[in-house]
Amino acid sequence: MLQTPLNLFSLFDYSQRIYPKKWIVTRTSTGMHRYQYRDFGRRVRQLSAGLQQLGLQPGERAGTLAWNDYRHLEIYFGVPLMGSVLHTINLRLSADHIRYIVNHAEDRVLFVDAGLLPLLEPIKDQLPQVRYIVVMGDHPDVTKSPIQPAIAYEDLLNQSTPDIIYDPNLAEDNVLGMCYTSATTGNPKGVQYSHRGIYLHSMAAGLANTLALSESDTVMPIVPMFHVNAWGLPFSSVWFGANLVLPGPAPTPKDLVELMANEGVTVAAGVPTVWLGVSRILEAEATRLPLRMALCGGSAAPPALIRTFEDAFGVPFAHAYGMTETSPLASFSRLKSGLQDLSADDRLAIRATQGLLIPGLELRLVRDGEEMPWDGASAGELWLRGPWVADEYYRDDRTRDSFQDGWLKTGDVATIDEEGYIRLVDRTKDLVKSGGEWISSVDLENALMAYPAIFEASVVGVPHPKWDERPLAFVVLKEGKSATKEEILAHLSKNFAKWWIPDDVIFLDEIPKTSVGKFLKRALRDQYHEYLMPSQE
Ligand code: AMP
């Protein structure tokens, strides 16, 4: 067979030739921006040419601090197509972490949304490797950039010509992009994506057994483009010629509902907290969404959320699992054809699992060095490998802890049933270890969030003199709803053994969230580390 390289050029060139008339729509701070793929392609070339003029070399990193919009999408392609590396930076990180990441990656150019320039203020004198700031916006005042020299993105494009010639044979092992993932302790860890990895990962998103993305879709990545390449959707959507809808700066749930309804979005992707927010809007108003799939991942999708979307809103809901280290798609929950006759409850229980491994990857379930059977009961750590799974952290000693014998040790504890459905029990570090036994915080959270008065819930283990750790539940009630601790615990008692029941319930206005909208259990654990459970009083 011919050894053509699996690179971004092949994907981009195909899309430009076959789908030049498809649309990219962005919600901006001033209104809607629309253009077609052919205009996008021209600007991508202008961007690469402009970056060449600025002196960005192949292999050098260009960082982005940006929301999901068309300029960010142009950078997604314009930087890697010239052999340089796209480095998306999580704009919700602390200034300290942003400083660490930019310096660790040695970013030479930083693309920054004009509205995000203040993020650079506290670290402006601490980024010695950055040569240029490129400010994005319609008419940004580049003198406002705390770091100079700064140039306006549109000037960079206008001063260059789109006649750049890309290398179609760009080596597939070249690094296309990188993204840092937050560590439990210490600085974020860098993951590098190769052209080959992104190519194969994008192709996997088109499989009928997974997302089945195609040119008939209109795709809206709600998941930020600074988080694991917005789950790869920008790459796969462009390749397959789907229309793209980009929700722009800080969209509210109401903005998202309007965009989905007005732009005919068929596939939208976000973490559970985003879908919870959307469900609040849909409960209040009778908007009908055109979605063929609400894709949910990044944290466990509570079964109650799946049921609400499907039964109350008529929106098919899909659950996927992955991590920064896996590009991220690792598994996708889809009911096998042979299981369609199960009861509605059993079908829901399967669809709420993390699903089946994506074709192209391999997995192992490991406990104490032994592989666990796929019996739906034996729990072990998930190990993964495959062409879009990382093999190291970028220049980081912590590689040793997470990679072994060519496998990524995910740190997620799961069971797998005879059919192959993966059910995440917990993160290794989030399991509550009570009296030498494991309690799954995820199972308790799902049950809590199925209680009608509860909006959000989180469970963490707190130190206990007798049992090592005991579960403590945190709940946020729905607006206008009430529930007592006793009622909530009685609800849990219906489904769990006595020793699984949390020792106490704490009512909060909001569960603290991570920079990408997941529950921040670390904050709860730290704050309630010395909490005196009623059983100890
Ligand atoms: P990140 O790299 O920040 O996206 O985080 C990856 C981690 O998020 C995984 O290792 C899991 O612990 C968690 N995660 C991702 N998707 C899911 C899911 N569908 N269900 C439960 N946990 C998930």
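Presented here is an overview of the structure given in this document. (Residues numbered from 1 in each chain as written. Predicted model: local features only at pLDDT ≥ 70, side-chain atom pairs only at ≥ 80, totals over all residues. Heavy atoms only, no water.)

## Observations concerning the pairing of strand β5 (residues 107-113)
Where burial is concerned, most of β5 is hidden: seven out of the seven residues are buried. Relative to β5, strand β3 (residues 61-65) runs parallel, the two sharing five bridges. Across the sheet, residue Thr 64 finds its bridge partner in β5, namely Phe 111. Judged from the five bridges that link them, β5 and strand β6 (residues 132-136) form a sheet pairing that is parallel. Its bridge partner lying in β6, Leu 110 is registered against Ile 133. (Buried < 20%, exposed > 50% of the residue type's maximum accessible area, 1.4 Å probe, protein only. Helix = DSSP H or I, 4+ residues; strand = E, 2+ residues; numbered from the N terminus. Pairing = 2+ DSSP bridges.)

## Describing the nonpolar core
One recurring pattern in soluble globular proteins is that nonpolar side chains are buried together. If you look at the biggest cluster of nonpolar residues, it comprises 91 residues, and the most contacted ones within it are Leu 51, Phe 77 and Phe 111. Met 260, Leu 276, Ala 301 and Phe 496 belong to the second-largest nonpolar core, a separate cluster that totals 61 residues. (Core = buried A, V, L, I, M, F, W, Y, C linked by side-chain atoms within 4.5 Å.)

## Side note on the site of the ligand
Surveying the vicinity of the ligand reveals 16 residues, the closest of which are His 319, Ala 320, Thr 324, Asp 412 and Arg 427. A distance of 2.9 Å separates a nitrogen atom of the ligand from a polar side-chain atom of Gln 354. Within the contact set of the ligand, an oxygen atom lies 2.7 Å away from a side-chain nitrogen or oxygen of Arg 427. Surface burial for the ligand is 87%, taken as the share of its 500 Å² of free accessible area covered by protein chains. (Near = heavy atom within 4 Å. Polar contact = N/O pair within 3.5 Å; in protein donor to acceptor, adjacent residues only side chain to side chain. Areas by Shrake-Rupley, 256 points an atom, 1.4 Å probe, with all protein chains shown as cover.)

## As for the sheet that holds β6
A sheet is described by the order of its strands in space; here seven strands give the open sequence β7-β6-β5-β3-β4-β8-β9, paired in mixed fashion. At either end of the open sheet lies a strand with only one pairing partner, and these are β7 (150-152) and β9 (189-194). Taken pair by pair, the neighbouring strands of this sheet meet at an average axis angle of 25 degrees, ignoring direction. Sitting on the sheet, helix α6 (residues 195-205) is in contact with β8 (175-181) and β9, with an inclination near 75 degrees to β9. (Axes fitted to C-alpha atoms, helices over the stretch in contact; angles between N-to-C directions. Contact = heavy atoms within 4.5 Å.)

## A word on the pattern of salt bridges
Going through the model one piece at a time under the given rule, you end up with 32 salt bridges. Between Arg 108 and Glu 60 there is a salt bridge, with its nearest N and O atoms 3.4 Å apart. Of the two residues, Arg 108 sits in strand β5 while Glu 60 sits in the loop between α2 (37-54) and β3, which places them 48 residues apart along the sequence. For Glu 60, a relative accessible area of 15% puts it in the buried group. The salt bridge partner of Asp 503 is Arg 470, with a shortest N-O separation of 2.9 Å. (Salt bridge = Lys/Arg side-chain N within 4 Å of Asp/Glu carboxyl O.)

## Focus on the packing of aromatic side chains
Aromatic ring pairs are defined here through the distance separating the ring centres and the angle between the ring planes. For the structure shown, the criterion picks out 22 aromatic pairs. Judged by centre distance (5.7 Å) and plane angle (65 degrees), the ring pair of Tyr 528 and Tyr 531 falls under edge-to-face. Judged by its relative accessible area of 13%, Tyr 528 is buried. Given a relative accessible area of 24%, Tyr 531 falls into the partly exposed group. Lying across the ring of Phe 455, Arg 280 places its NZ or CZ 3.7 Å from the centre. Lying over the aromatic face of Trp 438, Arg 367 brings its terminal NZ or CZ to 4.2 Å of the ring centre. (Phe/Tyr/Trp six-rings, centres within 6.5 Å; stacked < 30°, edge-to-face > 60°. Lys NZ or Arg CZ within 6 Å of the ring centre and 35° of its normal.)

## As for the pairing of β3
Summarising burial for β3: five of the five residues are buried, a large majority. In this fold, β3 hands off to helix α3 (residues 70-81), which returns the chain to strand β4 (residues 85-88); that crossover is right-handed. (Right-handed = clockwise from strand over helix to strand, strands pointing away.)

## As for the side chain of Ser 145
With respect to the helices, strands and loops of the structure, Ser 145 is situated in the loop between β6 and β7. Excluding residues that lie within four positions of it along the chain, Ser 145 makes contacts with Leu 117, Ile 133, Val 135 and Ala 150.

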